[in-house]
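Chain residues, written in single-letter form:
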Amino acid sequence: MEQYDVVVIGAGAAGMFCAAEAGQGGCKVLLLDNGKKLGRKILMSGGGRCNFTNLYAEPAAYLSENPHFCKSALARYTQWDFIDLVTRYGIAWHEKTLGQLFCDDSAQQIVSMLEQECQKGQVTVRLRSEISAVEKTERGFNITLNGQDVSTHSLVVASGGLSMPGLGASPFGYRLAEQFGLKILPTRAGLVPFTLHKPLLDHLQTLSGVSVPSVLTAKDGTVFRESILFTHRGLSGPAVLQLSSYWQPGEFVSVNLLPSLDLAGFLNQQRQEHPNQSLKNTLSLHLPKRLVECLQTLEQIPDVTLKQLNPAQQSALVEQLQNWQVQPNGTEGYRTAEVTLGGVDTRALSSKTMVANAVPGLYFIGEVVDVTGWLGGYNFQWAWSSAWACAQDL
Ligand code: FDA
């Protein structure tokens, strides 16, 4: 039977980095994946340029039932450590916005870098691997792989979440955790567009492709100041994706379409200068014309001139545009979600090493764990940090 010190299941961001680190630390490592390519999500990420970390990565940017869990790993392997690695490989990068770092050229560079790191650690890679059983043994674990048994001292589960099943996502990690008695917290799609109820959707669909800088506020008070994008299914764009991770079915979302404007003051000033100007044209100075027209058909903007706009209408208008209450009917789900919220309950894991407290030698890293970052490179940073923390213990 083949014997390894470490078997890593999942050759995504976390699995590749952990395998490379463990291999370079002297372990004999086998890295497995059910797909036919390494790092498939990395290749798709950041529009093909991989938003590989964020300058402002810190625990507050992560959701988890235990918000303290991610602190140790993020502090021990930081965004600066990963930037250092990328720079050593001569990969050119730039900050796009809000601390988000992207490759200048291609996400393939990150995958190639991780592949080279694995080669340095003499990691054996086996793609198209179907794992049919995992059993605890005295030495560690036996894994039945494409009908053959492999034995390992330590087993690292880096099989990710449920988002984008087309890229190999599977509930494998959750089932394995359950097999060893670990609790799985309910999972749901995160960083995902909202869908809308029919009557509202019919109107807003006409705006497909229109983007508006906004401030969105969730029911729990969480605020994101980024763009929203109208789509043929509902609402997307960075602000919506961010907020989706904080949203529960049935809740309303507050949308401020004019976050940088004192709207009442602006209307009063315009009324004095151009009393006969239509409200529609006035608002079009700050909002896309198509959006103003659409909101008028929804009767959120009265069809009047500025001098006709009475104080009650004006306050209602300010409320409509700066605290527009939208109730999504759902999300687009795992098909388009960037991440999966929930997963392996961190209370069962060591925050220092990612090992399952009750099962020596069994580790969970990356997205399979109940730690989910904001949009903007935070999720890859968690993959790198948790992988590194785990590898130090192997
Ligand atoms: P990941 O999902 O990367 O890897 C898991 C691996 O396990 C996969 O290769 C899968 O095939 C394998 N696997 C699953 N089941 C298996 C089984 N039964 N047997 C063997 N192998 C199995 N984040 C970010 O920070 N910046 C960004 O730019 C983006 N962009 C982005 C775009 C898109 C389209 C998506 C879907 C996601 C992102 N993300 C992102 C999120 C980011 O991709 C994600 O958080 C990390 O890839 C998670 O890394 P993991 O290694 O944990 O899982």
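The protein carries the name Aminoacetone oxidase family FAD-binding enzyme in an unreviewed UniProt entry, which gives Rouxiella silvae as its organism. UniProt, in the comment section headed Cofactor (unreviewed entry), describes the protein in these words: "FAD".

Engineer: Give me the overall build of the protein: which residues, what numbers.
Structural biologist: Helix and strand counts for the protein stand at 13 helices and 21 strands. With the C-alpha coordinates of the protein rotated into their principal frame, the extents come out at 85 × 40 × 35 Å. Here the protein holds 394 residues, and 45% of them are scored as buried. Partitioning the contacts of the protein with sequence separation of at least 6, the portion at a separation of at least 24 is 73%.

Engineer: Explain unusual backbone geometry to me, and be specific about the residues and the numbers.
Structural biologist: In the Ramachandran plot, Arg128 falls in the positive-phi region, its phi being about 50 degrees despite a non-glycine side chain. Take Arg128: it is sitting in the loop between β7 (124-126) and β8 (131-136). Among the residues examined, Arg128 registers 11 C-beta atoms within 10 Å and is labelled exposed. Residue Met164 is not a glycine yet carries a positive backbone phi of 60 degrees. Assignment of secondary structure puts Met164 in the loop between β10 (148-157) and α6 (172-179). For Met164, a count of 19 C-beta atoms within 10 Å gives the class partly exposed.

Engineer: Kindly report on the packing of helix α1 (residues 13-24) against helix α13 (residues 378-391), identifying the contributing residues and their values.
Structural biologist: Contact geometry of α1 with α13 gives a least axis separation of 8 Å together with a crossing angle of 30 degrees. Considering the angle they form, α1 stands roughly parallel to α13. As α1 runs across α13, the sense of the crossing is right-handed. Residue-level inspection shows Ala13, Ala14, Phe17, Cys18, Glu21 and Ala22 of α1 in contact with α13, the latter providing Phe380, Ala383, Trp384, Ser386, Ala387, Trp388, Cys390 and Ala391. Looking at the contact of α1 with α13 residue by residue, the class counts come to 12 nonpolar, 1 polar and 1 charged.

Engineer: Quick one: what's the story with the environment of Gly343, residue by residue and with numbers?
Structural biologist: Residue position: Gly343 is located in strand β19 (residues 339-344). Assessed through the 27 C-beta atoms surrounding it within 10 Å, Gly343 is described here as buried. Dropping the residues within four chain positions of it, Gly343 is found in contact with Gly161, Tyr174, Ile184, Leu185, Thr187, Val368, Val369 and Asp370.

Engineer: Help me get a handle on the site of the ligand, residues and values and all.
Structural biologist: Lining the immediate environment of the ligand, one finds 37 residues, of which Gly10, Gly12, Gly160, Gly168 and Gly366 sit closest. Listed by contribution, the elements that provide at least two residues to the shell around the ligand are α1, α2 (40-44) and α13. Broken down by element, the residue count for the shell around the ligand peaks at 4 residues, all from α13. By residue class, the composition of the shell around the ligand is 15 nonpolar, 17 polar and 5 charged.

Engineer: Tell me about the confidence of the model for the protein, residues and numbers included.
Structural biologist: Here the protein averages 96 in pLDDT, while 100% of its residues score no lower than 70. For this predicted complex, the interface score ipTM comes out at 0.99, alongside a pTM of 0.96.

Engineer: Kindly report on the UniProt feature "domain: RsdA/BaiN/AoA(So)-like insert" (unreviewed entry) in the protein, identifying the contributing residues and their values.
Structural biologist: Feature annotation in UniProt assigns "domain: RsdA/BaiN/AoA(So)-like insert" (unreviewed entry) to the following positions: residues 188-339. The distance from the first to the last C-alpha atom of residues 188-339 is 9 Å, and the span holds 34% helix and 24% strand.

Engineer: Please provide a residue-by-residue account of helix α5 (residues 108-120), values included.
Structural biologist: Taking 1.5 Å as the rise per residue, α5 with 13 residues should run 18 Å; its terminal C-alpha atoms sit 18 Å apart, in good agreement. For α5, the set of buried residues is Gln109, Ile110, Val111, Met113, Leu114 and Cys118.

Engineer: Tell me about the nonpolar core, and name the residues and values.
Structural biologist: Residues Val8, Phe17, Cys18, Val156, Phe364 and Ile365 are the most contacted members of the largest nonpolar core, which totals 120 residues. For this core, the element with the highest residue contribution is α13, accounting for 10 residues. Those residues in contact with Phe364, other than ones at most four positions away along the chain, are Val157, Gly173, Ala177, Val344, Leu349, Met354, Ala356 and Val369.

Calculation rules
- Residues numbered from 1 in each chain as written.
- Predicted model: local features only at pLDDT ≥ 70, side-chain atom pairs only at ≥ 80, totals over all residues.
- UniProt positions renumbered as here; feature names shortened; annotations may be inferred.
- Helix = DSSP H or I, 4+ residues; strand = E, 2+ residues; numbered from the N terminus.
- Buried ≥ 20, exposed ≤ 12 C-beta atoms within 10 Å, placed from the backbone.
- Contact = placed C-beta atoms within 7 Å.
- Axes fitted to C-alpha atoms, helices over the stretch in contact; angles between N-to-C directions.
- Parallel < 35°, antiparallel > 145°, perpendicular 65-115°, else oblique.
- Left-handed = near helix turned anticlockwise from the far one by under 90°.
- Nonpolar A, V, L, I, M, F, W, Y, C, P; charged D, E, K, R; others polar.
- Near = placed C-beta within 6 Å.
- pLDDT = per-residue confidence, 0-100.
- Expected span 1.5 Å × (residues − 1).
- Core = buried A, V, L, I, M, F, W, Y, C linked by C-beta atoms within 7 Å.

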